[in-house]
Amino acid sequence: MIRQKLLKRQAADAPIRVGWVGAGRMITGAICQTALMKGMNNAVICDLRADAALRAYEINGVKRKDVVVTDQVGAANDAIRAGKPVITQNSRLMPELEVDCVVEGTGVPEVGADVAFRCIQGGKHIIMLNVEADVVVGPILHRMATRAGVVYSVSSGDEPGLITELVDRWGGLGFEIVAVGKTPASLAKLDFYATPDTVAADARALNVNPHFLVTFRDTTKTAIEMACISNATGLIPDVRGMHGPVAGIKDMARLFRLEEEGGLLKNRGVVDYARPLLLPDGSVDFVHSVTPGVFVVVRATHPQIQEDLGYWNVERTGDYFTFYTPYHLVTNEIPLSIVWAVEDREATVVPHHGLLTECLGAAKADLKAGTVLDGGGGYTVYSVADLACVAKRDGCVPFGLLDGATLLRDAKRDQVITRDMVNVKTDSMLYHLRRIQDDV
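Residues numbered from 1 in each chain as written. Predicted model: local features only at pLDDT ≥ 70, side-chain atom pairs only at ≥ 80, totals over all residues. Heavy atoms only, no water.

A. Representation of the overall build of the protein chain. Each helix and strand in the protein chain was counted, giving 15 helices and 17 strands. Against the globule reference of 22 Å for 440 residues, the protein chain gives a C-alpha radius of gyration of 22 Å, in line with a compact fold. Judged by the C-alpha coordinates and their principal axes, the protein chain covers about 65 × 60 × 50 Å. Burial analysis of the protein chain (440 residues in total) assigns 54% to the buried set. Across the protein chain, contacts joining residues at least 24 apart in sequence account for 71% of those joining residues at least 6 apart. About 18900 Å² of surface is accessible on the protein chain, with carbon and sulfur atoms providing 51% of the total. Positive and negative charge centroids in the protein chain, built from 46 and 53 side chains respectively, lie 3 Å apart. (Helix = DSSP H or I, 4+ residues; strand = E, 2+ residues; numbered from the N terminus. Rg over C-alpha atoms; globule rule 2.2 N^0.38 Å. Buried < 20%, exposed > 50% of the residue type's maximum accessible area, 1.4 Å probe, protein only. Contact = heavy atoms within 4.5 Å. Areas by Shrake-Rupley, 256 points an atom, 1.4 Å probe, with all protein chains shown as cover. Lys, Arg positive; Asp, Glu negative; His and termini not counted. Charge placed at Lys NZ, Arg CZ, Asp CG, Glu CD.)

In structure tokens:
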């Protein structure tokens, strides 16, 4: 419960002071939500684009003349103490500023790793909308945060937060969790080989960055988010890349059960995804699909429990039942993780199971030796999820380390990139944290 805690802070004139890294679409939405909340204050926004940060303030009633734009720690802290909103273009200032919690939302693994590491060292709670960094170095950041007495957490609201909360609820109630997943509308046009060029028209129509859209079309974003959920919950990908069937609400419990029972699975307890149903005109059937939401398939064998679930018309196939949420409210619910971290010292999503699942990189085309890979949302690789022990055995490179790496030999389309195939960049915080994590 958060309302009474925030009202108490408001009464004491001691709001939770939040620092935001990134002023893109999602973080701007969260800033708007926080602006409505009592006992919360948008203290600092950091973005290389000062105009984007300024807009995030202005659309919430802040006047331009009242904003302090500075990259100096002293000036920024003076403004924070005076209750003035601050903009900085230097993310390395965040650990030194007088804020209670920092939210990292750039989506760039290297930036996320750097900000999280420095904030932990500076004694700041850190909330990550940057799942891309978490699936590479989340375990070591969580370990460091615990030792430092602060909270490291992936955010609520987005699919990892929502699904992890649902696993906690239904698993805590004693149900056997069989499968969890998401059904994004973007996968109605699934294309492992999508590039910024091939999605350019759709990106313009949707008013989104084409690189951003690519990460959804080619399943990279799905692989990353389900790996994060796996590391938090202990659920695993059933096969490399997961199954990803076309499925609606009524199909989940039928498909996500064991093969010998007529389903797809080799194991119970998995992370996966589904592609939405389509209408005759090719558009997404939002009525009968779990889109843009998430699902949890559970197994219940107790006759009374089965009868009770049937009374409430829960979708069922045999002993398998489907619970789902038909939406996820990432921009609206990010502030929940902030309050839980600051008030309760509790994380929403952390890799309790260490690196259980790894995100790997597969070639989008036949690539020649000497090609410089461009990471998520680009032209060269897409991500697939697999067990970390299998990835280690096969010598696979973590997907987050492939951006800027150079191929040493040719790669065939769909071939997973291994360490003997590539030179990765070693002059990054992400690389060094991963080295420490691997050595622990």
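B. Main features of helix 9 (residues 210-217). Residues of helix 9 that are buried: L213, V214, T215, F216 and R217. Packed against the buried residues of helix 9 are helix 8 (200-206) and helix 10 (220-233). Residue N209 occupies the N-cap position of helix 9, its side-chain oxygen lying 2.7 Å from the main-chain nitrogen of H211. Phi turns positive, to about 75°, at T219, one or two residues after helix 9. (Polar contact = N/O pair within 3.5 Å; in protein donor to acceptor, adjacent residues only side chain to side chain.)

C. Representation of the packing of aromatic side chains. What the rule picks out here adds up to 9 aromatic pairs. When the ring of Y193 is compared with that of Y382, the centres are 6.3 Å apart and the planes differ by 75°; the resulting orientation is edge-to-face. In this pair, Y193 sits in the loop between strand 8 (176-182) and helix 8 while Y382 sits in strand 15 (residues 381-387), placing the two residues 189 residues apart along the sequence. When its relative accessible area of 6% is taken as the criterion, Y382 is described as buried. (Phe/Tyr/Trp six-rings, centres within 6.5 Å; stacked < 30°, edge-to-face > 60°.)

D. Molecular detail of the nonpolar core. Membership of the largest hydrophobic core comes to 82 residues, with the highest contact counts inside it found for I126, Y152 and V180. With 9 residues, the top contributor of residues to this core is helix 6 (residues 131-148). (Core = buried A, V, L, I, M, F, W, Y, C linked by side-chain atoms within 4.5 Å.)

E. Here's a closer look at the pairing of strand 11 (residues 294-299). The buried fraction of strand 11 amounts to 5 of the 6 residues, a majority that puts the element mostly inside the structure. Sheet topology note: the strand 8/strand 11 ladder contains 6 bridges and is antiparallel. Across the sheet, V180 pairs through a bridge with V296, a residue of strand 11. Pairing of strand 11 with strand 13 (residues 320-325), which is carried by 6 bridges, proceeds in the antiparallel orientation. Each bridged residue has a counterpart across the sheet, and for V296 the counterpart in strand 13 is F323. (Pairing = 2+ DSSP bridges.)

F. Quick look at the packing of helix 7 (residues 159-172) against helix 10. With their axes 9 Å apart at the nearest point, helix 7 and helix 10 run at an angle of 35° to one another. The chirality of how helix 7 crosses helix 10 is right-handed. Here E159, P160, I163, T164 and V167 of helix 7 lie close against helix 10, whose contacting residues are E225, M226, C228, I229, A232 and T233. Across the contact of helix 7 with helix 10, the residue classes break down as 7 nonpolar, 2 polar and 2 charged. (Axes fitted to C-alpha atoms, helices over the stretch in contact; angles between N-to-C directions. Left-handed = near helix turned anticlockwise from the far one by under 90°. Nonpolar A, V, L, I, M, F, W, Y, C, P; charged D, E, K, R; others polar.)

G. Representation of unusual backbone geometry in the model. That bond from T291 to P292 is cis: its omega, 5°, falls within 30 degrees of zero. Here P292 is to be found in the loop between strand 10 (270-273) and strand 11. Of note in this structure, D13 is not a glycine but carries a positive phi near 50°. When you line up the elements, D13 lands in the loop between helix 1 (3-11) and strand 1 (16-21). For D13, a relative accessible area of 67% corresponds to the exposed category. Even without being a glycine, M242 presents a positive backbone phi close to 70°. Counting through the fold element by element, M242 comes out in the loop between strand 9 (236-237) and helix 11 (252-255).

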